[in-house]
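# Per-entry structural report
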Amino acid sequence: MQENKNLCVHYDRCGGCSIQEIPYQKQLKDKKEMLLEIFSDQEISTDNFEEILASPDIYEYRNNMEFSFGDLKKGGKLQLGMHPRGKRYDVITVDHCLLVDRDFRDILSTIIDYCRKHDFKKYHIKLREGFLRNLIIRKGINTGEVVANLVTTSQVEHDFEPLSRELQNLDLKGELVGFVQTINDDFSDQVSCDEMKIHYGRNYFYDKLLDNKFKIDSLSFFQTNTKGAELLYSEAADYISSAKDKVVYDLYCGAGTISQAIAKDADKIFGIEIDQDAVKKAAENAKLNNVNNAEYIAGDVLEKINNLKENPDLIIIDPPRPGINPKALDKIASAGADEILYISCNPKSLARDLVSLKMHNYQLEKFKAVDMFPHTKHLEVITLLKKEK
């Protein structure tokens, strides 16, 4: 196999990428075959598969990275980066990572140097001791706005003003609009916020997708590949006949990005999302984008879909990786929309749900894939289903 000349210097040790040594066109071919095999295994016809679309950028495409603090051996030098393959508790510094641009790398290097100089200790999840947990960097790819979020425990009190000045003085491609500290004393690995300290600027940034502007905070969900998301949403918009004058359900809606991008001319949009903060962001983003026909509801789709008084013409679904709760899927299908646009980041759970929807007389009209995650095995899939009369 031809060697990839752009291979990252960390690749042989880091677990962030799994297939970077494979030429990109071969990655696409393999992902297409994987998708079609998953569908065939579930006896879903693949005759109406259209194509797999490449990511607009295959390097430096990520707008969001969560790095971990740790070490490579007990009591070893402090590291900031990713876990090596198969080693959950080890961390390797990835200051030359090719999934992100120079701004991410410069901020990471500045922060790890500062933390080493001050002899800060990593948080030890078993002993529940230590200070440093994570560094989250977010960037608006189309705006250049950058927020750096240092996640720590409350076990050390420190004045981060000197580090804040260092970060502000970096010669970034974009613009640092915020340096914040999230206090997280939770015992799990998951980042949660007990307290937020803003050392500089603000805890949010703006980015644009197609013609829309979105406000994103340092911990909220947003598609990690901005250019890929624009491609995904453009293709999704082409799939639906039209949203004009229709009632649209936007389920698992997050911050409302999909419906606001492709269904602005709908008669009414009802968005349901279990994350209350995301629902607030969706409402804020609707105002930003002059979308006056949207109502966003916080709660579980299984429960909240019962409260919607208007029947949908179009349902947009973009669930988490595990897919949809079978009981919720039954209720979604029972709503009786003519069209369902199902966007998935997990072909296996998608295939399972498509089999269930077929039992409700929804036929798969067409589907295509968009590679949002080059050099990994992940894949985004767009499907259009229509209800048989």
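Residues numbered from 1 in each chain as written. Predicted model: local features only at pLDDT ≥ 70, side-chain atom pairs only at ≥ 80, totals over all residues. Heavy atoms only, no water.

In the nomenclature of an unreviewed UniProt entry, the protein chain is known as 23S rRNA m(5)U-1939 methyltransferase of Halanaerobium saccharolyticum.

### Description of the nonpolar core
One finds F67, F69, I107, I111, I262 and L341 to be the most contacted residues of the largest nonpolar core, which totals 74 residues. Residue contributions to this core peak at seven residues, all from helix α2 (residues 102-117). Two domains each put at least three residues into this core: domain 1 (24-57 + 225-387) and domain 2 (64-212). Residue contacts for L341: discarding those within four places in its chain leaves A236, Y239, I240, I262, L314, I315, I316, I317, I382 and T383. With 41 residues, the next largest nonpolar core counts I44, I332, L364 and L385 among its residues. (Core = buried A, V, L, I, M, F, W, Y, C linked by side-chain atoms within 4.5 Å. Buried < 20%, exposed > 50% of the residue type's maximum accessible area, 1.4 Å probe, protein only. Helix = DSSP H or I, 4+ residues; strand = E, 2+ residues; numbered from the N terminus. Domains from an automatic or database assignment. Contact = heavy atoms within 4.5 Å.)

### Comments concerning the UniProt feature "active site" (unreviewed entry) in the protein chain
Mapped onto this numbering, the UniProt entry annotates "active site" (unreviewed entry) at C345. With relative accessibility at 16%, the residue C345 sits in the buried group. (UniProt positions renumbered as here; feature names shortened; annotations may be inferred.)

### A few points about helix α3 (residues 161-168)
By the burial criterion, the buried members of α3 are L163, S164 and L167. Projection of α3 onto a plane perpendicular to its axis shows the buried side chains occupying an angular sector of 105°, all on one side. (Arc of directions from axis to C-beta.)

### Remarks on the packing of helix α1 (residues 24-41) against helix α9 (residues 347-358)
Two numbers describe how α1 lies on α9: the axes approach to 9 Å, and their chain directions differ by 30°. Relative to α9, the element α1 is oriented roughly parallel. Both α1 and α9 take part in a crossing whose hand is right-handed. From α1, M34, L35, I38 and F39 reach across to α9, where they touch P347, K348, L350, A351 and L354. Here the contact of α1 with α9 is composed, by residue class, of eight nonpolar, no polar and one charged. (Axes fitted to C-alpha atoms, helices over the stretch in contact; angles between N-to-C directions. Parallel < 35°, antiparallel > 145°, perpendicular 65-115°, else oblique. Left-handed = near helix turned anticlockwise from the far one by under 90°. Nonpolar A, V, L, I, M, F, W, Y, C, P; charged D, E, K, R; others polar.)

### Some words on the sheet that holds strand β12 (residues 268-273)
Note: strands within a sheet are paired through backbone hydrogen bonds, in either parallel or antiparallel orientation. Read from one edge to the other, the open sheet built from eight strands follows the order β1-β16-β17-β15-β14-β11-β12-β13, with strand pairing classed as mixed. The strands lining the two open edges of the sheet, one partner per strand, are β1 (49-53) and β13 (294-298). Strand-to-strand twist across the sheet, computed as the mean angle between neighbouring axes with direction ignored, equals 15°. For strand β16 (residues 362-370) and strand β17 (residues 380-387), the ladder comprises eight bridges, and the chain directions are antiparallel. Bridge pairing in β17 places A369 opposite V381. Contacts from α1 reach β1, β16 and β17, with the element oriented near 145° to β1. Against the sheet, helix α6 (residues 276-288) contacts β12 and β13, and its axis sits at roughly 170° relative to β13. (Pairing = 2+ DSSP bridges.)

### Concerning the UniProt feature "binding site: S-adenosyl-L-methionine" (unreviewed entry) in the protein chain
The UniProt entry lists Q223, Y252, E273 and D318 under the feature "binding site: S-adenosyl-L-methionine" (unreviewed entry), expressed in the numbering used here. Mapped onto the elements of the fold, Q223 is located in the loop between β10 (212-217) and α4 (226-239). Those residues within four positions of Q223 in sequence are excluded, and the remaining contacts are N63, A229, L232, Y233, D318, M372 and E380. Classification of D318 as buried rests on a relative accessible area of 16%. Residues in contact with D318, not counting those within four places in the same chain, are Q223, L251, Y252, I258, I343 and E380.

### Examining the packing of aromatic side chains
The description of two aromatic rings rests on the distance between their centres and on the angle between their planes. Enumeration over the complete set of coordinates arrives at ten aromatic pairs. When the centroid spacing of 4.7 Å and the interplanar angle of 25° are considered together, the rings of F39 and F367 count as stacked. Of the two residues, F39 sits in helix α1 while F367 sits in strand β16, which places them 328 residues apart along the sequence. Both residues of the pair, F39 and F367, belong to the buried class. Between F214 and F222, the ring centres sit 6.2 Å apart and the planes meet at 50°, which makes this aromatic pair tilted. Relative accessible area serves as the criterion here: at 0%, F214 is assigned to the buried category. Residue classification places F222 among the buried residues on the basis of a relative accessible area of 3%. (Phe/Tyr/Trp six-rings, centres within 6.5 Å; stacked < 30°, edge-to-face > 60°.)

### A short note on the environment of N311
Relative to the helices and strands, N311 resides in the loop between α7 (301-304) and β14 (314-317). Classification of N311 as exposed rests on a relative accessible area of 60%. Taking the C-alpha atoms as reference points, N311 and V248, 63 residues apart in sequence, are found 8.7 Å from one another. If sequence neighbours within four positions are ignored, N311 has contacts with V247 and Y249.

### Comments concerning the pattern of salt bridges
Per the stated rule, a full pass over the model turns up 21 salt bridges. As a salt-bridge pair, K26 and D30 come within 2.9 Å of each other at their nearest N and O atoms. Remark: D30 and K26 occur in helix α1; sequence separation between them is four residues, near one turn of the helix. One salt bridge in this structure joins K139 and D101, with 2.7 Å as the shortest N-O distance. Of the two residues, K139 is situated in strand β5 (residues 132-139) and D101 in the loop between β4 (92-93) and α2; the sequence distance between them amounts to 38 residues. Just as K139 is buried, D101 falls in that class too. When salt bridges that share partners are traced, they join E50, E51, E235 and K368 into one network. (Salt bridge = Lys/Arg side-chain N within 4 Å of Asp/Glu carboxyl O.)

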